[in-house]
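The lines below spell out each chain.
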Amino acid sequence: MPVLKPGAFGGLSNVQTFLLDRGSLHGALRLIKAIAAADAVILGAGSIIQDKLGGGYFRGTLGYSCTVATLCRILRKPSVTGPIGVDALSSKRNEIIARWILSQPQRVFVRDNLSAMIANAFLNVGARRRVTVVCDPVFGWDMDSRFRKTDTLVLAPAFEGHDERRIGAIHTYIAQRWLSTHPTSQVCFLAMDERAAQDGG
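Conventions adopted
- Residues numbered from 1 in each chain as written.
- Predicted model: local features only at pLDDT ≥ 70, side-chain atom pairs only at ≥ 80, totals over all residues.
- Heavy atoms only, no water.
- Core = buried A, V, L, I, M, F, W, Y, C linked by side-chain atoms within 4.5 Å.
- Buried < 20%, exposed > 50% of the residue type's maximum accessible area, 1.4 Å probe, protein only.
- Helix = DSSP H or I, 4+ residues; strand = E, 2+ residues; numbered from the N terminus.
- Contact = heavy atoms within 4.5 Å.
- Patch = residues over 30% accessible without salt bridge, like charges linked within 9 Å, V, L, I, M, F, W, Y side chains within 5 Å.
- Areas by Shrake-Rupley, 256 points an atom, 1.4 Å probe, with all protein chains shown as cover.
- Salt bridge = Lys/Arg side-chain N within 4 Å of Asp/Glu carboxyl O.
- Axes fitted to C-alpha atoms, helices over the stretch in contact; angles between N-to-C directions.
- Parallel < 35°, antiparallel > 145°, perpendicular 65-115°, else oblique.
- Left-handed = near helix turned anticlockwise from the far one by under 90°.

Student: When you look at the nonpolar core in this model, what are you seeing that I'm missing?
Tutor: When a protein is soluble and globular, its nonpolar side chains tend to lie buried together. In this structure, Ile49, Val68, Ile84, Val86, Ile101, Leu102 and Phe122 are the most contacted members of the largest nonpolar core, which totals 29 residues. Elements represented by at least two residues in this core include exactly helix H1 (25-37), strand E1 (41-43), strand E2 (46-49), helix H2 (60-74), strand E4 (84-86), helix H3 (92-103), strand E5 (108-110) and helix H4 (113-122). The dominant element in this core, judged by the number of residues it contributes, is H2, at seven residues. With sequence-adjacent residues up to four places away left out, Ile49 is seen in contact with Leu62, Ile84, Gly85, Val86, Asp87, Leu89, Ala98, Ile101, Leu102 and Phe122.

Student: When you look at a nonpolar patch on the surface in this model, what are you seeing that I'm missing?
Tutor: On the surface, Leu25, Leu29, Ile32, Ile74 and Leu75 cluster together into a nonpolar patch covering about 480 Å² of accessible area. Sorting elements by how many residues they give to the nonpolar patch places H1 first, with three residues. As for its placement among the helices and strands, Leu25 is situated in helix H1. The class of Leu25 is exposed, set by a relative accessible area of 65%.

Student: How do you make sense of the pattern of salt bridges when you look at a structure like this?
Tutor: As a working rule, side chains carrying opposite charge can pair if their charged atoms are close by. Enumeration over the complete set of coordinates arrives at two salt bridges. Its salt-bridge partner being Asp87, residue Lys52 comes within 2.9 Å of it at the nearest N-O pair. Taken together, the residues span a long stretch of sequence, with Lys52 in the loop between E2 and H2 and Asp87 in the loop between E4 and H3 at a distance of 35 residues. Judged by relative accessible area, which is 43%, Lys52 ranks as partly exposed. Ionic pairing is found between Lys92 and Glu95, a salt bridge with its closest N-O pair at 3.5 Å. Here Lys92 and its partner Glu95 are both found in helix H3, three residues apart, which amounts to about one turn of the helix. Lys92 sits in the exposed class, given a relative accessible area of 63%.

Student: It is not clear to me how the packing of H2 against H3 should be interpreted in this structure. Could you clarify?
Tutor: A pair of packed helices is captured by two measures, namely the crossing angle of their axes and the spacing between those axes. Two elements in contact, H2 and H3, have axes whose closest approach is 9 Å; the angle formed by their N-to-C orientations is 40°. By the angle between their axes, H2 is oblique relative to H3. Our pair here, H2 against H3, has a crossing hand that is left-handed. Residues Leu62, Ser65, Cys66, Ala69, Thr70 and Arg73 of H2 form the contact with H3, whose participating residues are Asn94, Ile97, Trp100 and Ile101.

Read these as geometric descriptors, not functional statements.
Right under this line is the structure:
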């Protein structure tokens, strides 16, 4: 399973992790080998159906998701999505790609009602029964002992390269309001990944 950071799954013996090099033939072959060796594939989580960071069949998150979904189809591997975000897209071509991606898994788990609505708009009527809203996995995070208090507010901003100031201002406002009404509590900001330039490190 390719993930952002080796060891992200706590050293589970049955989960293979590696950093994916999408720009090389070697990286592509490693991805094919990993999917071929898998019993099943979980695509996601995160906002994988979006084109703010590039779109098309090969570029950006949309392109990577299309590659994985296509390999699962070719290699006949069952798949589901993790709890994903589904955004409105900027072109008909990208909507066609999204329809293809979302049509491949046996079940599509999304993390909010808006994502479910957009996913269902992309899918044919018969496939819509597979879309289910579930909890974002961030709520299953095993907090560091410093934050294991019942009065800790956990905020998990995901900037994804857009509206950084607005998102930062919203989370700052939420934290300030929380602390003004819960003065003995604390706020924990949980970065969604470890790209310091994008998600705070």
